[in-house]
Amino acid sequence: MKENMKDNIELGIDAAMQLIPVVGGSLSTLYFGYKQNKEFRRLKKTIEEIAEELKDTKIPNIQEHNEDELISLIEELNDKIEKEHIEEKRKCYKNFYKKILVIPNKNTYNERKMFLEILSTMTPLQIELLNFLVIQPIPVLDNEIINPAYSKAVILGSIAQLKNQGLIDSFTNSITIGGNGRISEKIIVSDFGKRFHQFCILDNLK
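Please read these numbers as outputs of a predicted model, since none were measured by experiment. (Residues numbered from 1 in each chain as written. Predicted model: local features only at pLDDT ≥ 70, side-chain atom pairs only at ≥ 80, totals over all residues. Heavy atoms only, no water.)

(A) Here's a closer look at the overall build of the protein. Secondary structure summary: the protein contains nine helices and three strands in total. When the helices and strands of the protein are placed in sequence order, the string is α-α-α-α-α-α-α-β-α-β-β-α. (Helix = DSSP H or I, 4+ residues; strand = E, 2+ residues; numbered from the N terminus.)

Below is the structure:
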């Protein structure tokens, strides 16, 4: 019974993948040659949505990609989609999926792999913070960022993680008197962070 369910799930994903314009058949053949006997609980919906959203989009032939690198990214991406229960993150993975199909990976594999690794660790708050910071014309003070749903400590901790990942740059502003004498910082999205936001979070194909 379980084996039949696995087979049915794989068949469903195979069919959904083949709906992707231009590259679907080749992509399905390549992908299922690399990956077998896996459960794809969340993939079918995501891939069907991708196929629908790309149906009027000009997509390069599979030969225009580095096939090994593309399949490596898709394998890792599909694993992450399977495990992701947060809808906002699933949408980001879907954006990533569409971008790697539409924009051939010309010497961009390492950066795209880093994007995927960073995205997998991000929280909805960090996505929200990046969306906020990317539209700011000048650096903003980290301790002035407020969200009633989160404590100051959680916000500052999330900013620190974004900084460690290279998504934001920071500049020392002043030392807060009292308390723990924390140094406040001005923060702004880095060039790397802008590329990450464009590729993973924005739902466009630029």
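(B) Highlighting the nonpolar core. Residues I20, L27, F96, Y97, L101 and F196 are the most contacted members of the largest nonpolar core, which totals 52 residues. No other element matches helix α5 (residues 87-102), which puts seven residues into this core. The contacts of L27, once residues within four sequence positions are left out, are M17, I20, I62, L70, I71, I74 and L101. (Core = buried A, V, L, I, M, F, W, Y, C linked by side-chain atoms within 4.5 Å. Buried < 20%, exposed > 50% of the residue type's maximum accessible area, 1.4 Å probe, protein only. Contact = heavy atoms within 4.5 Å.)

(C) Region of the structure containing the packing of aromatic side chains. Enumeration over the complete set of coordinates arrives at four aromatic pairs. Between F115 and F196, the ring centres sit 5.6 Å apart and the planes meet at 80°, which makes this aromatic pair edge-to-face. Taken together, the positions of F115 in helix α6 (residues 109-121) and F196 in helix α9 (residues 191-201) put the pair 81 residues apart, joining distant regions of the chain. Side by side, F115 and F196 carry an identical accessibility label, which is buried. (Phe/Tyr/Trp six-rings, centres within 6.5 Å; stacked < 30°, edge-to-face > 60°.)

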